[in-house]
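Per-entry structural report
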Amino acid sequence: MPDKNILVQSIKNKIKKFVKDRDWEQYHSPKNLSMSIAIEAAELMEIFQWITEEQSFKLNKKQRLELEDEVADIAVYLLNLCNVLDIDLSAAISRKMIKNKKKYPVNLAKGKMHKYTFYEGKK
Ligand SMILES: [Mg+2]
């Protein structure tokens, strides 16, 4: 686990320097960064717009590069938001996965795609 934290922190530091070097902290409010995450997610979805689920697994090289760029854009804005709000992303993900395990017990949710509320009261 420590290795993953070091990797995330290293990327967060690179993003922090990139933003500081350009004097962009003034624009990077939590509001603007959260909107930017959603905008980049929409750009990711645009790649898959109008193609079938089967085609979505078989992108050509150009589409694949575009996909990776959009995934990176989302991650950069997310880590930028973590910098601004001092969020330990690794700890937040660990906490959320514990919650997800409780919301989606394997014995009830395996192979199913219901929202967690479907399983409430059945545990
Ligand atoms: Mg983009």
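Because the structure is a prediction, the values reported are computed rather than measured. (Residues numbered from 1 in each chain as written. Predicted model: local features only at pLDDT ≥ 70, side-chain atom pairs only at ≥ 80, totals over all residues. Heavy atoms only, no water.)

1. Things to note about the domain arrangement of the protein chain
- You can read the domains of the protein chain as domain 1 (2-87) and domain 2 (90-123).
- Here the C-alpha centroids of domain 1 and domain 2 sit 26 Å apart. (Domains from an automatic or database assignment.)

2. A closer look at the packing of aromatic side chains
- Summed over the entire model, instances satisfying the criterion amount to four aromatic pairs.
- Consider the rings of Phe 18 and Trp 24, whose centres lie 5.7 Å apart with planes at 70°: the pair is edge-to-face.
- Aromatic side chains Tyr 104 and Tyr 119 sit 6.1 Å apart centroid to centroid with 70° between the ring planes, which places their arrangement in the edge-to-face category. Of this pair, Tyr 104 sits in the loop between α5 (89-103) and α6 (106-109) while Tyr 119 sits in the segment after α6, placing them 15 residues apart in sequence.
- Since its relative accessible area comes to 1%, Tyr 119 is described here as buried.
- Connected via pairs of aromatic rings, a cluster forms that spans Tyr 104, Tyr 116, Phe 118 and Tyr 119.
- Its guanidinium or amino end placed over the ring of Phe 18, Arg 22 lies 3.7 Å from that ring's centre, counting from NZ or CZ.
- The ring of Tyr 116 carries the charged tip of Lys 103 above its face, separated from the ring centre by 4.2 Å. (Phe/Tyr/Trp six-rings, centres within 6.5 Å; stacked < 30°, edge-to-face > 60°. Helix = DSSP H or I, 4+ residues; strand = E, 2+ residues; numbered from the N terminus. Buried < 20%, exposed > 50% of the residue type's maximum accessible area, 1.4 Å probe, protein only. Lys NZ or Arg CZ within 6 Å of the ring centre and 35° of its normal.)

3. Comments concerning unusual backbone geometry
- Residues other than glycine seldom take positive phi values, yet Trp 50 does so here, at roughly 75°.
- When you line up the elements, Trp 50 lands in the loop between α2 (30-48) and α3 (53-56).
- Owing to a relative accessible area of 80%, Trp 50 belongs among the exposed residues under this scheme.

4. Considerations on α2
- Its 19 residues give α2 an end-to-end C-alpha distance of 28 Å, which sits within 8% of 27 Å, the value for a rise of 1.5 Å per residue.
- For α2, the complete set of buried residues consists of Leu 33, Ser 36, Ile 37, Glu 40, Leu 44 and Ile 47. Down the axis, α2 shows its buried residues gathered within 105° of arc, on one side only. Summarising the geometry of α2, the exposed residues directed more than 90 degrees from the buried face are Lys 31, Met 45 and Glu 46.
- Of the surrounding elements, those touching the buried residues of α2 are α4 (61-85). (Expected span 1.5 Å × (residues − 1). Arc of directions from axis to C-beta. Contact = heavy atoms within 4.5 Å.)

5. Section: the nonpolar core
- With eight residues, the main nonpolar core is built from Leu 33, Ile 37, Leu 44, Ile 47, Leu 59, Leu 67, Ile 74 and Leu 81.
- At the level of secondary structure, the elements contributing two or more residues to this core comprise α2 and α4.
- The element contributing the most residues to this core is α2, with four residues.
- If sequence neighbours within four positions are ignored, Ile 74 has contacts with Ile 37, Glu 40, Ala 41 and Leu 44.
- The next biggest cluster of nonpolar side chains, apart from the first, holds five residues, and it includes Ile 15, Val 19, Cys 82 and Leu 89. (Core = buried A, V, L, I, M, F, W, Y, C linked by side-chain atoms within 4.5 Å.)

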